[in-house]
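So the chains spell out like this:
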Amino acid sequence: MTRRWLVTGCSSGLGRALAGAVAAAGDLVVVTARDPSSVQDLAARFPDRVTTAALDVCDPGQCQAAVAHAVARFGGLDVLVNNAGAGLFGAVEEVADDELRAQLEVLAVAPWRLVRLALPLMRGQGSGHIVNVSSLAGRMGFPGLSAYVAGKYALEGMSQALAAEVAPFGIRVSVVQPGQFATGYGTALAETATRIPAYAQGTGEVRAGLRGMEDNPALSRPELFAAHVLRLIAADAAPVRVPIGADAYAIAGAIEESARDELAAARAFVEGAGAPDSTAPAAAAVPAPVT
């Protein structure tokens, strides 16, 4: 089965590796970047499978045009990958309102917009797969990445709700959570205009690690990410949230262990306060997790 893809953020890193892997596997793909000349080499390598489109995901008109281009060129859309992203380094106190809005626009609003544009096509054909590229920062907070973490948490919350909403239409939703990959993310990481020296010690180690990602030979390569996303699309079923990377499960495991400890401590704290008020309303039933 030949699938029709639209992948955002393909000029470098994970998106570029995925776009090339999709075409090499024989599928059709709209490869997007703010500057489409940066991905013309992929179109030259796979002229029958790759078409390019200019896409700044913060531009609603370009988002609409990119989805329309997929329909015009390939007749529809089977897989949408929201990969485009940007990072902002700064503690909560350092992040200004406009900087926060810009970060959330890229990480949460733009993927939501593209999902909204793709869903009528997928509902109409009774199938489709939406892949939202999150991060292990969507599972825990990292000092100095406050706005980025907020954006990834928002993306994950939307994705989990979306998975439940569209399952009846034959549409799957996946959230991939990369660990540390050797990409230019850390090099391109912006910093807040306001810097408060008091936070330097608490966030400096995270900042240094991010800046050195691209040249760190110990980190996973983008090709590994691409291979796992292709497997995810081909699989009949998979969990909604899938960590990816050599270090991903060690980090995710530590996060889950910390969450269990926190829950146990919270329960002990609440129960230590005495018997609950019998007049309080009963807790709502928790729905079964979506898989």
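What you are looking at is a predicted structure, and each value in this text was computed from that prediction instead of being measured.

Cut-off values and rules
- The residue numbering used here restarts from 1 in each chain and proceeds along that chain's sequence as written.
- In keeping with the predicted nature of the model, local features appear solely for residues at pLDDT of at least 70, side-chain atom pairs appear and are counted solely at 80 or more, and the whole-chain, interface and lining totals rest on all residues.
- To get the side-chain values, take all heavy atoms of the structure and skip hydrogens and water.
- The numbering of helices and of strands both runs from the N terminus, where a helix is a DSSP run of H or I of at least 4 residues and a strand a run of E of at least 2.
- Atoms considered for the radius of gyration are the C-alpha atoms alone. The globule rule reads 2.2 Å times the number of residues to the power 0.38.
- Burial classes follow relative accessibility: with a 1.4 Å probe on protein chains only, a residue under 20% of its type's maximum area counts as buried, one over 50% as exposed, and anything between as partly exposed.
- When checking whether two residues touch, look at their non-hydrogen atoms; a contact exists if any pair is within 4.5 Å.
- Areas reported here follow the Shrake-Rupley algorithm with a probe of radius 1.4 Å; residue values treat only the protein chains shown as occluding.
- A positive count includes Lys and Arg, and a negative count includes Asp and Glu. His and the chain ends are not counted in either.
- Just so you know, the charge point we use is NZ for Lys, CZ for Arg, CG for Asp and CD for Glu.
- To qualify as a nonpolar core, a set must consist of buried Ala, Val, Leu, Ile, Met, Phe, Trp, Tyr and Cys residues joined through side-chain atoms within 4.5 Å.
- In this analysis a 1.4 Å probe is tested at points of a 1 Å grid over the protein atoms alone, and where it fits but cannot get out there is a cavity; an open set with protein on both sides within 12 Å along at least five of seven lines is a pocket; lining residues have an atom within 4 Å of a point.
- Grid points are joined across faces, edges and corners, and a volume is the space filled by probe spheres set on the points.
- The working definition used for a salt bridge is a side-chain nitrogen of Lys or Arg within 4 Å of a carboxyl oxygen of Asp or Glu.
- Working definition: a ring pair exists when centres of Phe, Tyr or Trp rings (six-membered ring for Trp) sit within 6.5 Å. Plane angles under 30 degrees give stacked, over 60 give edge-to-face, the rest tilted.
- By disulfide we mean two sulfur atoms from cysteines, separated by a distance within 2.5 Å.

Asker: Go over the overall build of the chain, please, and point to the residues and values.
Answerer: The helix and strand tally for the chain stands at 9 helices and 9 strands. What you see for the chain is a C-alpha radius of gyration of 20 Å, in line with the 19 Å of a compact globule of 291 residues. Projecting the C-alpha coordinates of the chain onto the three principal axes gives extents of approximately 70 × 45 × 35 Å. Counting across all 291 residues of the chain, residues that qualify as buried make up 43%. In the chain, the share of contacts with a sequence separation of at least 24, taken over all contacts with a separation of at least 6, comes to 70%. Accessible area for the chain stands at about 14400 Å²; split by element, carbon and sulfur atoms hold 57% of it. For the chain, the separation between the mean place of its 22 positive charges and that of its 28 negative charges on side chains is 7 Å.

Asker: Can you tell me about the nonpolar core, naming the residues and giving the values?
Answerer: By size, the foremost hydrophobic cluster in this structure holds 30 residues, and its most contacted members are Trp5, Leu18, Val29, Val31, Val50, Val81 and Phe225. Broken down by secondary-structure element, the contributors of at least two residues to this core are strand 1 (4-7), helix 1 (13-24), strand 2 (28-33), helix 2 (40-45), strand 4 (79-82), strand 6 (128-133), helix 8 (222-234) and strand 9 (241-244). Take this core: its biggest share by element is 6 residues, from helix 1. Dropping the residues within four chain positions of it, valine 31 is found in contact with Val7, Cys10, Ala19, Val39, Leu42, Val50, Thr51, Thr52 and Ala53. Within the second largest apolar cluster, 29 residues are counted, among which are Ala53, Leu77, Met122 and Val175.

Asker: Give a detailed account of empty space enclosed by the protein, specifying residues and quantitative values.
Answerer: The full count for this structure, using the stated rule, is 2 cavities of 30 Å³ or more. Counted as a void, the largest cavity has a volume near 40 Å³. Lining the largest cavity are Asn82, Asn83, Ala84, Val106, Leu107, Pro111, Val133, Lys152 and Leu155. Those elements that provide at least two residues to the lining of the largest cavity are helix 4 (97-125) and helix 5 (146-166). The dominant element in the lining of the largest cavity, judged by the number of residues it contributes, is helix 4, at 3 residues.

Asker: Quick one: what's the story with the pattern of salt bridges, residue by residue and with numbers?
Answerer: Close approach of charged atoms allows side chains with opposite charge to pair. Inspection of the entire model under this criterion finds 9 salt bridges. Between glutamate 94 and arginine 195 there is a salt bridge; the shortest N-O distance is 3.3 Å. Of the two residues, glutamate 94 is situated in the loop between strand 5 (88-89) and helix 4 and arginine 195 in the loop between strand 8 (190-191) and helix 7 (200-211); the sequence distance between them amounts to 101 residues. For glutamate 94, a relative accessible area of 3% translates into the label buried. The network of salt bridges with shared partners includes Glu94, Glu191, Arg195, Arg207 and Arg211.

Asker: Talk me through the packing of aromatic side chains; I want residue IDs and the actual numbers.
Answerer: One pass over the structure, following the stated rule, counts 2 aromatic pairs. Where tyrosine 148 meets tyrosine 185, the ring centres are 5.3 Å apart and the plane angle is 50°; that geometry is what we call tilted. Of this pair, tyrosine 148 sits in helix 5 while tyrosine 185 is found in helix 6 (residues 185-188), placing the two residues 37 residues apart along the sequence.

Asker: Summarise the state of the cysteines; cite the residues concerned and give the values.
Answerer: A covalent bond between the sulfur atoms of two cysteines is referred to as a disulfide. By the definition in use, this model includes 0 disulfides. Here cysteine 10 stays unpaired: no disulfide links it, and the sulfur of cysteine 63, its closest cysteine neighbor, is 13 Å away. Take cysteine 63: it sits in no disulfide, and the sulfur closest to it among the cysteines is that of cysteine 58, at 7.9 Å.

Asker: Please provide a residue-by-residue account of the environment of alanine 66, values included.
Answerer: You can see alanine 66 is positioned in helix 3 (residues 60-74). For alanine 66, a relative accessible area of 1% puts it in the buried group. Separated by 48 residues in sequence, alanine 66 and leucine 114 place their C-alpha atoms 9.3 Å apart. Aside from chain neighbours lying at most four places away, what touches alanine 66 is Leu6 and Leu55.

Asker: Could you give an account of the side chain of asparagine 82, with specific residues and numbers?
Answerer: Summarising the element assignment, asparagine 82 is placed in strand 4. Look at asparagine 82 and you get buried, because its relative accessible area is 4%. Other than its neighbours up to four places away in sequence, asparagine 82 contacts Thr8, Pro111, Leu114, Val115, Val131, Asn132 and Val133.

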